[in-house]
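Okay, here's what each chain looks like letter by letter:
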Amino acid sequence: MRVVIAGGHGKIAQLTHRELAGRGDTAVGLIRNPDHAAALRAAGAQPVVADLEHVGADELAAHLEGADAVLFAAGAGPGSGAARKDTVDRAGAVLLADAARRADVRRYLLLSSMGVEGEPPAGTDEVFAAYLRAKKAAEDDLTGRDLDWTILRPGRLTDDAPTGRITLARHAPAGAVTRTDVARVLVALLHHPHSAGAILELVGGNTPIADAVAAVDRR
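Residues numbered from 1 in each chain as written. Predicted model: local features only at pLDDT ≥ 70, side-chain atom pairs only at ≥ 80, totals over all residues. Heavy atoms only, no water.

One can describe the packing of helix H1 (residues 11–22) onto helix H6 (residues 179–190) by two numbers: an axis separation of 8 Å at closest approach and a directional angle of 55°. With respect to their mutual orientation, H1 and H6 come out oblique. When you trace H1 past H6, the crossing you get is right-handed. Touching Lys 11, Ile 12, Leu 15, Thr 16, Glu 19 and Leu 20 of H1 are Arg 179, Thr 180, Val 182, Ala 183, Arg 184, Leu 186, Val 187 and Leu 190, all from H6. Considered class by class, the residues forming the contact of H1 with H6 number eight nonpolar, two polar and four charged. (Axes fitted to C-alpha atoms, helices over the stretch in contact; angles between N-to-C directions. Helix = DSSP H or I, 4+ residues; strand = E, 2+ residues; numbered from the N terminus. Parallel < 35°, antiparallel > 145°, perpendicular 65-115°, else oblique. Left-handed = near helix turned anticlockwise from the far one by under 90°. Contact = heavy atoms within 4.5 Å. Nonpolar A, V, L, I, M, F, W, Y, C, P; charged D, E, K, R; others polar.)

It is worth spelling out the side chain of Arg 179 at this point. Along the polypeptide, Arg 179 turns up in helix H6. In this structure Arg 179 comes out as buried when scored by relative accessible area, which is 17%. Other than its neighbours up to four places away in sequence, Arg 179 contacts Lys 11, Ile 12, Leu 15, Leu 157, Thr 158 and Asp 159. (Buried < 20%, exposed > 50% of the residue type's maximum accessible area, 1.4 Å probe, protein only.)

Another point: the sheet that holds strand E6 (residues 148–154). Within the open sheet, the nine strands sit side by side as E3-E2-E1-E4-E5-E6-E10-E8-E11. Their pairing is mixed. In this open sheet, the two edge strands, each paired with only one partner strand, are strand E3 (45–49) and strand E11 (207–208). Pairing geometry for strand E2 (residues 26–31) and E3, over five bridges, is parallel. The residue of E3 that forms the bridge with Ile 31 is Val 49. Helix-sheet contacts for H1 involve strand E1 (2–6), E2, E3, strand E4 (69–72) and strand E5 (107–111), and the interaxial angle to E1 is about 170°. Lying over the sheet, helix H4 (residues 82–102) contacts E1, E4 and E5, oriented at roughly 175° with respect to E4. (Pairing = 2+ DSSP bridges.)

Ranked by internal contacts, the top residues of the largest apolar core, which has 34 residues, are Leu 60, Leu 64, Val 70, Phe 72, Leu 96, Tyr 108 and Leu 110. Of all elements in the fold, only E1, E2, helix H3 (57–64), E4, H4, E5, helix H5 (126–143) and E6 reach the threshold of two or more residues within this core. The element contributing the most residues to this core is H4, with seven residues. Not counting residues within four places of it along the chain, the set of residues in contact with Leu 110 comprises Phe 72, Ala 93, Ala 138, Glu 139, Leu 142, Thr 150, Ile 151 and Leu 152. (Core = buried A, V, L, I, M, F, W, Y, C linked by side-chain atoms within 4.5 Å.)

A complete count under the given rule lists 18 salt bridges for this structure. The partner of Arg 145 in a salt bridge is Asp 141, and the shortest N-O contact between them spans 2.7 Å. Residue classification places Asp 141 among the partly exposed positions, given a relative accessible area of 24%. Overlapping salt bridges bring together Glu 117, Glu 139, Arg 153, Arg 170 and Glu 201 as one network. (Salt bridge = Lys/Arg side-chain N within 4 Å of Asp/Glu carboxyl O.)

Spelled out as structure tokens, the structure:
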């Protein structure tokens, strides 16, 4: 499988590159900073410079030619303001979907977040509230498209050692999950086409990843 990952230099993206390369798939990472290319190569991915805030859909589609799937794992990141939560976390995901349609790539995984349903609670930090709204807007755009989409909403992310055991459900209890386990779930979902059309929340749990993903189409 050839998978193009937007936000290719992010922590989860780099872990996903390694997981894909480890099973013989081809990972292509979209990055805006050419200085990050070496890190992607070290993770087993092919770097492609494409700034989602400045590239057009047709140009981006050219980078998706021959792909079997795309994964949106981009984000404005810590320190960015509310405006960039919209231009990256929402508009970037929309742009990738537009490009995927142009390139005839039907499989689309969106890395979202738990907590996006409903308005952020009163007192929520303004920038974090903007992030949650941007993620939900990206989800709403994607679910209205004729694509084979899957939306994954992980809980609080940690850099702890992976456990390989998770809770994966339409609604999961609040909790944490390791970034490596998230990457492994993303790869498993890519290889499980029956997960198309599912919105899934993810936290650590007791079920092996393979079993949890295999059960998605039975819900």
